[in-house]
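Residue-level listing of the chains:
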Amino acid sequence: MTDPRLFPLTRRAFIAGGAALAALPMGVTRALGQQSEPDVIIIGAGAAGISAARRIAEAGRSYVLIEASNRVGGRTATDTAVFGVPFDLGAARLNMPAARPMAAYGRAEGLDITRAPEGARLYVNGREARDADYEAFVATVRRAERAIGAAGDAGRDMPAARALPDLGPWGPSARFVVGPINCAKELDQISTVDVARAEEREGEEICRQGIGTLVAQLARPLTVRLETVARSVELGGRLVTVLTNKGNLQGRSVIVAVPPSVIASGRLRILPLQPRYRMAVDKITLGAYDHIAFRLPRNPAGLAADETLYFKADGPRAYMMRARIGGSDLYTLDVAGDTAMGLANAAPEAAAAFAKEALTREFGADAAARMGKVHATRWSREPYALGAFSCALPGYGNMRRAFIETVGGRMVFAGEHAHETLWGTVGGAWLSGERAARQVLGLIGVRSG
């Protein structure tokens, strides 16, 4: 059988960098309430905010880490209640090598982190594809990748859809892979420059207890104030002032580790927000990517644990499958772009109907009849996310750089959107938090290694 490996829509090799992750002793952190004017206020306890807080604590400086929701993790969240086994509602895999320090910490803490199966299966009209189908699919994806990358490398920042040649009968499938599944958007909403800059991933790793569980473990040494909603950041005074639903905070600097969608919606205001940063917030937008999870007992397709499956698409309503998650009978049908957005805005039963229709088409009515409980995520409707992950709109591939700059000598951004080449990944979010911490430590006169 032809090796059907499908790598993410990236081309350049990643040069590993950044400091190794050290486990923080519990006594290193500075608890909330002990500092009336902390060195750093961190808004958002996702992977980026947690990373930043750990680095600041390592430097022996005071911080206040606030989180609007009732849990840490942001767009990583592991649920065990719905299906009785770990199910990642958000990010489900670690892209290597960027997330290697996180994986090393998790293993040291006793979490079961293993390499994800390489490659993917391909199904065509209810059967596994033949060698010729695999070859045609992979070749078409490669053509699409090369065309988008060439346009971006040449500085032609335009919709990725316009860069594509005629892709033939495998075109809908290839467009799904290089567009929605990798960028959470349709190709006409994707910047060729942003995609061309993305770094190549060497592979993926899985945490059997869940990626959300891993990120929550990373926050364990920290003090986090949950259900504390930041309303505004005011940069004009002697100190930064953060207005929250539980009173005002003041500090020497601030790290804003929330998605740009939250700022664009007005849920968090930054005063003043200069035009350059306002444009970045408006143009580096989050797309839609969701999991429709369901039980499918007795493994009707004879699939191995954690396999990935692609299916030949006839039109835009395409999907990808993760099979037998953790060796269980739990599957996810992954949808993205317009399809995910449409299902998120539809009645709750629409996702279950979509999954049953897909199972019927790919594996037959008998398999679809076995489908058990269904649970679908709706990240575009989560109030503190408003989307899955970021990709620049056409013409604005360079605007991601604004999220890496120091703002007004007091504020920096962090999050997957604030990494130029590892956007859309947990590892990119983590590294952006470390970078943001180094920046604010520099602002307050602390040398950071």
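This is a predicted model, so every value here is computed, not measured.

Draft legend 1. A look at unusual backbone geometry. Note the cis peptide between M96 and P97, where omega equals 5°. Structurally, P97 is set in the loop between strand 5 (94–96) and helix 2 (100–108). The omega torsion of the bond from L271 to P272 falls at -10°, within 30 degrees of zero and hence cis. Tracing the chain through its elements places P272 in the loop between strand 15 (269–271) and helix 9 (275–283). With phi around 50°, E227 is a residue other than glycine that occupies positive phi space. At R324, a residue that is not glycine, the phi angle is positive and equals roughly 50°. Note on placement: R324 falls in the loop between strand 19 (320–323) and strand 20 (330–336).

Draft legend 2. Just the sheet that holds strand 15, in detail. Spatially, 13-12-11-15 is the arrangement adopted by the 4 strands of the open sheet, whose pairing is mixed. Across the chains shown, the open sheet's two edge strands, defined by having one partner strand only, are strand 13 (247–251) and strand 15. When strand polarity is set aside, the average angle formed by the axes of neighbouring strands in this sheet is 20°. Pairing of strand 12 (residues 240–244) with strand 13, which is carried by 5 bridges, proceeds in the antiparallel orientation. In the sheet register, V242 faces strand 13, and the bridge partner there is L249.

Draft legend 3. Layout of the side chain of R400. When you line up the elements, R400 lands in the loop between strand 22 (390–392) and strand 23 (411–413). We classify R400 as buried; its relative accessible area is 1%. In this structure the side chain of R400 is engaged in a polar contact, spanning 3.1 Å, whose partner is the backbone oxygen of H417.

Draft legend 4. Structural context of the sheet that holds strand 6 (residues 113–115). Pairing is antiparallel across the open sheet formed by 3 strands, whose spatial order is 5-9-6. Taken across any chain shown, the strands that pair with only one partner, and hence form the sheet edges, are strand 5 and strand 6. Each strand axis lies, on average, 35° off the axis of its neighbour in the sheet, ignoring direction. With 3 bridges joining them, strand 5 and strand 9 (residues 203–207) adopt antiparallel strand pairing.

Draft legend 5. Structural context of the packing of aromatic side chains. Under the definition given, this model contains 11 aromatic pairs. Between Y289 and F389, the aromatic rings sit 6.1 Å apart at their centres with planes inclined by 45°, giving tilted as the arrangement. Of this pair, Y289 sits in strand 17 (residues 289–295) while F389 sits in the loop between strand 21 (374–376) and strand 22, and the two are 100 residues apart along the sequence. We note that Y289, like F389, is buried. Geometrically, the ring pair formed by Y319 and F354 is edge-to-face, given 5.8 Å between the ring centres and 90° between the ring planes. Of this pair, Y319 sits in the loop between strand 18 (307–311) and strand 19 while F354 sits in helix 11 (residues 349–363); the two residues are 35 residues apart in sequence, bridging distant segments of the chain. Chaining the aromatic ring pairs together yields one cluster made of Y123, F311, Y319, F354 and F363.

Draft legend 6. Here's a closer look at the environment of A98. Assignment of secondary structure puts A98 in the loop between strand 5 and helix 2. Along the primary structure A98 and D133 are separated by 35 residues, whereas in three dimensions their C-alpha atoms are 32 Å apart.

Draft legend 7. How the structure looks around the environment of R298. Here R298 is to be found in the loop between strand 17 and strand 18. Since its relative accessible area comes to 63%, R298 is described here as exposed. For the pair formed by R298 and V262, sequence separation is 36 residues and the distance between their alpha carbons is 42 Å.

Rules used in this analysis
- Residues numbered from 1 in each chain as written.
- Predicted model: local features only at pLDDT ≥ 70, side-chain atom pairs only at ≥ 80, totals over all residues.
- Heavy atoms only, no water.
- Helix = DSSP H or I, 4+ residues; strand = E, 2+ residues; numbered from the N terminus.
- Pairing = 2+ DSSP bridges.
- Axes fitted to C-alpha atoms, helices over the stretch in contact; angles between N-to-C directions.
- Buried < 20%, exposed > 50% of the residue type's maximum accessible area, 1.4 Å probe, protein only.
- Polar contact = N/O pair within 3.5 Å; in protein donor to acceptor, adjacent residues only side chain to side chain.
- Phe/Tyr/Trp six-rings, centres within 6.5 Å; stacked < 30°, edge-to-face > 60°.

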